[in-house]
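Remarks on the overall topology
Chain by chain, the residues:
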Amino acid sequence: MKNFYNRIYSTLSSYTPLKGDCGRACNKACCQGDKDGDGMYLFPFEEEMYSSLPSWAAISETDFEYDTNKFAPLFSCDGVCDRKLRPLACRIFPLTPYIAKGGELEVIVDPRANGMCPLAALYVEDFEADFVNAVEKVGELLLSNPDTKKFLESFSRMLDDIRFI
Ligand code: SF4
Ligand code: SF4
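Residues numbered from 1 in each chain as written. Chains lettered and ligands numbered in written order. Predicted model: local features only at pLDDT ≥ 70, side-chain atom pairs only at ≥ 80, totals over all residues. Heavy atoms only, no water.

**Notes on helix H4 (residues 129-143)**
Between its first and last C-alpha, H4 extends 21 Å over 15 residues, near the 21 Å set by a 1.5 Å rise per residue. When H4 is considered as a whole, its buried residues turn out to be Phe131, Val132, Ala134, Val135, Val138, Gly139, Leu141 and Leu142. (Helix = DSSP H or I, 4+ residues; strand = E, 2+ residues; numbered from the N terminus. Expected span 1.5 Å × (residues − 1). Buried < 20%, exposed > 50% of the residue type's maximum accessible area, 1.4 Å probe, protein only.)

What follows is the structure, given as structure tokens:
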């Protein structure tokens, strides 16, 4: 799956949510974790990208079962990383591909950004169009593989629990 993820990462290229560095206004609020704390889910088999784990990162188990007996690992970091090695979840934040209950692929603002990321108050249309289009393309690529498709479906239902409470 390394080729798969290299293709996904290159789809995102160097596109960013807004023109310029959004982290200046929030002091990189989404990068304030530590290796023993919170983190971002890795997508199925994305762990293969970390056969040599950087010193600033850790991978642990979670109870997020995206398919029968298949659990998403959690990627945590020291709050500073080599950007070339950050996982997909960090590359697309605070947007995410999302499968609506009717099965349509959408791009939404990740509801987990609420209360932490200043961009959470924006509409998807307010983000850089190249970035939004790239996240949508990532969603299409994720749907092309049965495991990543199943992950995205389960992940979307988990986001529903946050969005619609
Ligand atoms: S994505 Fe949000 S929380 Fe992260 S650096 Fe940009 S504005 Fe800050
Ligand atoms: S891996 Fe990089 S982008 Fe992701 S949370 Fe850590 S410091 Fe931020």
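Now, onward.
**A word on the packing of aromatic side chains**
For the coordinates displayed, the defined rule picks out nine aromatic pairs. On the basis of an interplanar angle of 45 degrees and a centroid distance of 5.0 Å, the ring pair of Tyr41 and Phe64 is categorised as tilted. Of this pair, Tyr41 sits in strand S1 (residues 40-41) while Phe64 is found in the loop between strand S2 (57-60) and strand S3 (65-67), placing the two residues 23 residues apart along the sequence. Neither Tyr41 nor Phe64 differs from the other in exposure class; each is buried. Where Trp56 meets Phe75, the ring centres are 6.1 Å apart and the plane angle is 70 degrees; that geometry is what we call edge-to-face. Pair noted here: Trp56 is in the loop between S1 and S2 and Phe75 is in strand S5 (residues 74-77), with a separation of 19 residues, a long-range link. Ring pairs connect the aromatic residues Tyr41, Phe43, Phe64, Tyr66, Phe151 and Phe155, which therefore count as one cluster. Cation over ring: Arg91 sits above Tyr9, and NZ or CZ is 3.7 Å from the ring centre. (Phe/Tyr/Trp six-rings, centres within 6.5 Å; stacked < 30°, edge-to-face > 60°. Lys NZ or Arg CZ within 6 Å of the ring centre and 35° of its normal.)

**Describing the nonpolar core**
Ranked by internal contacts, the top residues of the largest apolar core, which has 46 residues, are Tyr5, Ile8, Leu88, Leu95, Leu142 and Phe151. Residue assignment for this core shows that the elements contributing at least two residues are helix H1 (2-12), S1, S5, helix H3 (88-92), strand S6 (95-99), strand S7 (105-109), H4 and helix H5 (146-163). Looking at this core element by element, the count peaks at seven residues for H4. Leaving out residues up to four positions away in the same chain, Leu142 has contacts with Phe4, Ile8, Phe43, Leu88, Pro97, Thr148, Lys149 and Leu152. (Core = buried A, V, L, I, M, F, W, Y, C linked by side-chain atoms within 4.5 Å. Contact = heavy atoms within 4.5 Å.)

**Regarding the pairing of S6**
Burial analysis of S6 places five of its five residues in the buried class, which makes it a mostly covered element. Burial of S6 is two-sided: the residues Leu95, Pro97 and Ile99 facing one way and the residues Thr96 and Tyr98 facing the other way are all buried. In the sheet, S6 pairs with S7 via five bridges, with the strands oriented antiparallel. Bridging from a neighbouring strand, Tyr98 pairs with Glu106 of S7. The antiparallel hairpin formed by S6 and S7 contains five residues in its connecting segment, where Gly103 sits at a positive phi of about 100 degrees. (Pairing = 2+ DSSP bridges.)

**Quick look at the pattern of salt bridges**
When the charged atoms of two side chains lie near each other, side chains of opposite charge can form a pair. As enumerated under the stated definition, the model contains six salt bridges in all. When the shortest N-O distance is used, the salt bridge between Glu128 and Lys19 registers 3.6 Å. With a gap of 109 residues between them, Glu128 in the loop between S7 and H4 and Lys19 in the loop between H1 and helix H2 (23-26) connect regions that are remote in the sequence. Among the salt bridges present, the one from Lys70 reaches Asp147, with a minimum N-O distance of 2.9 Å. One end of the pair, Lys70, is in strand S4 (residues 70-71); the other, Asp147, is in helix H5, with 77 residues separating them in the sequence. With a relative accessible area of 32%, Lys70 lands in the partly exposed category. (Salt bridge = Lys/Arg side-chain N within 4 Å of Asp/Glu carboxyl O.)

**Let's talk about the site of ligand 2**
Near ligand 2, the surroundings consist of Cys30, Cys31, Cys77, Gly79, Val80, Cys81, Arg86 and Cys90. The residue makeup of the shell around ligand 2, split by class, is six nonpolar, one polar and one charged. (Near = heavy atom within 4 Å. Nonpolar A, V, L, I, M, F, W, Y, C, P; charged D, E, K, R; others polar.)

**A look at the pairing of S5**
Look at any regular strand and the pattern is simple: side chains alternate between the two faces of the sheet. Relative to S5, S1 is paired through two bridges, and the arrangement is antiparallel. Note on S5: the bridge partner recorded for Met40 is Phe75. Bridge count for S2 against S5 is four bridges, and the pairing is antiparallel. Residue Ala57 lies in a different strand from S5, and its bridge partner there is Cys77.

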